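# Structural characterization, general
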Amino acid sequence: MTIAFVFPGQASQYVGMGKELCSHFPEAAAVFEKADTALGFSLSRLCFEGPQEELNKTAITQPAVLTTSIACLAVLRKAKGPVPAAAAGHSLGEYSALVAAGALDFADAVRLVRKRGQYMQEAVPLGEGGMAAVMGLSSEEVAAVCRAASTAGVVEAVNLNCPGQVVIAGNTAGLEAAGPLLKEAGAKRVIPLPVSAPFHSSLMVPAGEKLARDLDAVAIADPSMPVVANVSANYVRTGPEVKASLLKQVYNPVRWEESVRLLAAGGIQTFIEVGPGKVLSGLIKKTCREASLYNVEDPASLEKVLALTKEVS
């Protein structure tokens, strides 16, 4: 059985995430303490107690999900859980995957994603851009509609998540023009998402330019295991490749469906979602129906994964 660890991105956050693990496992608590120190404020309190509105702010969400994911990873490793052959993460989750692979230091990563969230929010004024999930069309069909709607404003297919689920992003005019055209093309639903900016669209280029300076200031090592980059849906194996992919990722689509297919084609049979929620498990199931899916976010889910390890050892 070949295993990949996958790490969630934004929209997986919830108040209380990581709290139960920290109360049971000192290695999880140590990760949150390290994040609090690196950021200079109590991220752990926001994760454990909320409020949800604060946790949903991009510049908080990104370090919060990363920290919770790495806390889950620390517990999994301490318990001698399964060892992955590869890793991937959705958007923000790519940073978690790179920490897991030793390419990024955790403290550097948590500071980077805090700034990444700030830059992405600043790139487009609040209320002037957003995102919507399109259900029931292929990525090619959605991209074609976006091209047709782009005469009204910027609108692009940015999260190619799984068969029949694509997320679009753009400015308000572009999104409003695309909605009716998507319905005409056969979309079952077009659902506005509760996010504050058009992530992964070309409108994020200014955020990428700012993040480039921060990426230049941190050490990025060669990953110790293959990590799939969102921007290429291919493996990154060197520090320079990692840096280039993280920069482009800010303003290019997340090619998640292709990333999952790459892992499956390479022999991955089991995916373990490490971090809050089960969003990625749902997307993977729609892409790779025969895959075995597990997650680690609390003591109960951890026990199931450790039982899996005993079965195959």
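Overview of the structure.

Definitions and cut-offs
Starting afresh in each chain, residues are numbered from 1 along the sequence in its written order. With the structure being a predicted model, the display of local features is reserved for residues of pLDDT at least 70 and the display and counting of side-chain atom pairs for 80 or more, all residues being used for whole-chain, interface and lining totals. Excluded from the side-chain calculation are hydrogens and water; included are all heavy atoms of the structure. To sort residues, take the accessible area from a 1.4 Å probe on protein chains only and compare it with the maximum for the residue type: under 20% means buried, over 50% means exposed, and anything in between is partly exposed. Helix and strand labels come from DSSP, where a helix needs a run of H or I of at least four residues and a strand needs a run of E of at least two; each type is numbered from the N terminus. At least two DSSP bridges between two strands are needed for those strands to be called paired. Axes here mean lines fitted to C-alpha atoms, for a helix over just the part in contact, with angles spanning 0 to 180 degrees between N-to-C directions. When checking whether two residues touch, look at their non-hydrogen atoms; a contact exists if any pair is within 4.5 Å. Without a salt bridge and with relative accessible area above 30%, a residue can belong to a patch; like charges are then joined within 9 Å and nonpolar side chains (Val, Leu, Ile, Met, Phe, Trp, Tyr) within 5 Å. Residue exposure ignores everything except the shown protein chains as possible cover, and the areas themselves are Shrake-Rupley values with a 1.4 Å probe. A pairing counts as a salt bridge when a side-chain nitrogen of Lys or Arg comes within 4 Å of a carboxyl oxygen of Asp or Glu. When charges are tallied, Lys and Arg are placed among the positive residues and Asp and Glu among the negative ones, while His and the ends of the chain are skipped. Each charge is placed at NZ for Lys, CZ for Arg, CG for Asp and CD for Glu. Points on a 1 Å grid over protein atoms alone make up a cavity when a 1.4 Å probe fits among them but cannot get out, and a pocket when they form an open set with protein on both sides within 12 Å along at least five of seven lines; lining residues each have an atom within 4 Å of a point. Grid points are joined across faces, edges and corners, and a volume is the space filled by probe spheres set on the points. Each residue is assigned to one of three groups, with Ala, Val, Leu, Ile, Met, Phe, Trp, Tyr, Cys and Pro labelled nonpolar, Asp, Glu, Lys and Arg labelled charged, and all others, Gly among them, labelled polar. Each Phe, Tyr or Trp ring, with Trp reduced to its six-membered ring, pairs with another whose centre is within 6.5 Å; inter-plane angles below 30 degrees give stacked pairs, above 60 give edge-to-face pairs, and intermediate values give tilted ones. The directions from the helix axis to the C-beta atoms are what the arc is built from.

This part is about the pairing of strand β1 (residues 3–7). For β1, a buried count of 5 out of 5 residues is recorded, marking the element as mostly surrounded by other parts of the structure. Looking at chain direction, β1 and strand β9 (residues 270–274) are connected through 4 bridges and run parallel. Bridging across to β9, Ile 3 finds its partner in Thr 270. As paired elements, β1 and strand β2 (residues 86–89) share 4 bridges and run parallel to each other. Looking at β2, one finds that Phe 7 is bridged to Gly 89.

The next point concerns the sheet that holds β1. The mixed open sheet is built from 6 strands, whose spatial order is β8-β7-β2-β1-β9-β10. Every interior strand has two partners, whereas the edge strands, β8 (234–236) and β10 (292–296), have only one. Adjacent strand axes in the sheet meet at a mean angle of 35°, parallel and antiparallel pairs treated alike.

You can see Val 166 is positioned in strand β5 (residues 165–171). The class of Val 166 is buried, set by a relative accessible area of 2%. Sequence spacing of Val 166 and Glu 141 is 25 residues, and the spatial spacing of their C-alpha atoms is 9.8 Å. In this view, Val 166 contacts Ala 132, Ala 133, Val 134, Leu 137, Ser 138, Ser 139, Val 142, Ala 157, Asn 159 and Leu 160; residues no more than four positions away in its chain are not counted.

Time to look at a positive patch on the surface. Taken together, the side chains of Arg 189, Lys 285, Lys 286 and Arg 289 define a basic patch exposed on the protein surface. Position of Lys 286 among the secondary structure elements: in helix α13 (residues 279–287). Judged by relative accessible area, which is 43%, Lys 286 ranks as partly exposed.

Moving on, we get to the layout of surface pockets. Over the atoms rolls a probe the size of a water molecule, and in doing so it shows where empty space is left. The volume enclosed by the largest pocket comes to roughly 710 Å³. Lining the largest pocket we find 33 residues, and of these Gln 10, Ala 11, Asn 159, Leu 193 and Val 195 sit closest to its centre. Looking at the lining of the largest pocket, the elements with two or more residues in it are α5 (58–78), α7 (106–123), β3 (129–135), β4 (155–162), β5, β6 (189–192) and α13. Residue composition of the lining of the largest pocket, by class: 16 nonpolar, 14 polar and 3 charged. Computed from the structure, the second largest pocket encloses a volume of approximately 160 Å³. Met 131, Ala 132, Leu 175, Pro 192 and Leu 193 are the residues nearest the centre of the second largest pocket, which is lined by 13 residues in total. Of all the secondary structure elements, the ones that give two or more residues to the lining of the second largest pocket are β3, α9 (172–184) and β6.

Bringing the packing of aromatic side chains into the picture now. As enumerated under the stated definition, the model contains 1 aromatic pair in all. Between Phe 32 and Phe 48, the aromatic rings sit 5.0 Å apart at their centres with planes inclined by 50°, giving tilted as the arrangement. Linking Phe 32 in helix α2 (residues 26–39) with Phe 48 in helix α3 (residues 43–49), this pair joins segments that are 16 residues apart in sequence.

Extensive coverage of β5 is indicated by the burial of 6 of its 7 residues. As judged from the 6 bridges shared by β4 and β5, these two strands associate in the antiparallel manner. Looking at β5, one finds that Val 155 is bridged to Gly 170. In textbook terms, the turn of a hairpin is the stretch between consecutive antiparallel strands, and for β4 and β5 this stretch comprises 2 residues, one of which, Gly 164, has a positive phi near 85°.

If you check which residues of helix α11 (residues 239–249) are buried, you get Gly 239, Val 242, Ser 245, Leu 246 and Gln 249. Looking straight down α11, one finds that the buried residues subtend no more than 125° of arc, so they occupy a single side. Along its buried surface, α11 packs onto α6 (93–100), α7, α10 (205–216), β7 (227–229) and β8.

Nothing here speaks to function; it is geometry throughout.
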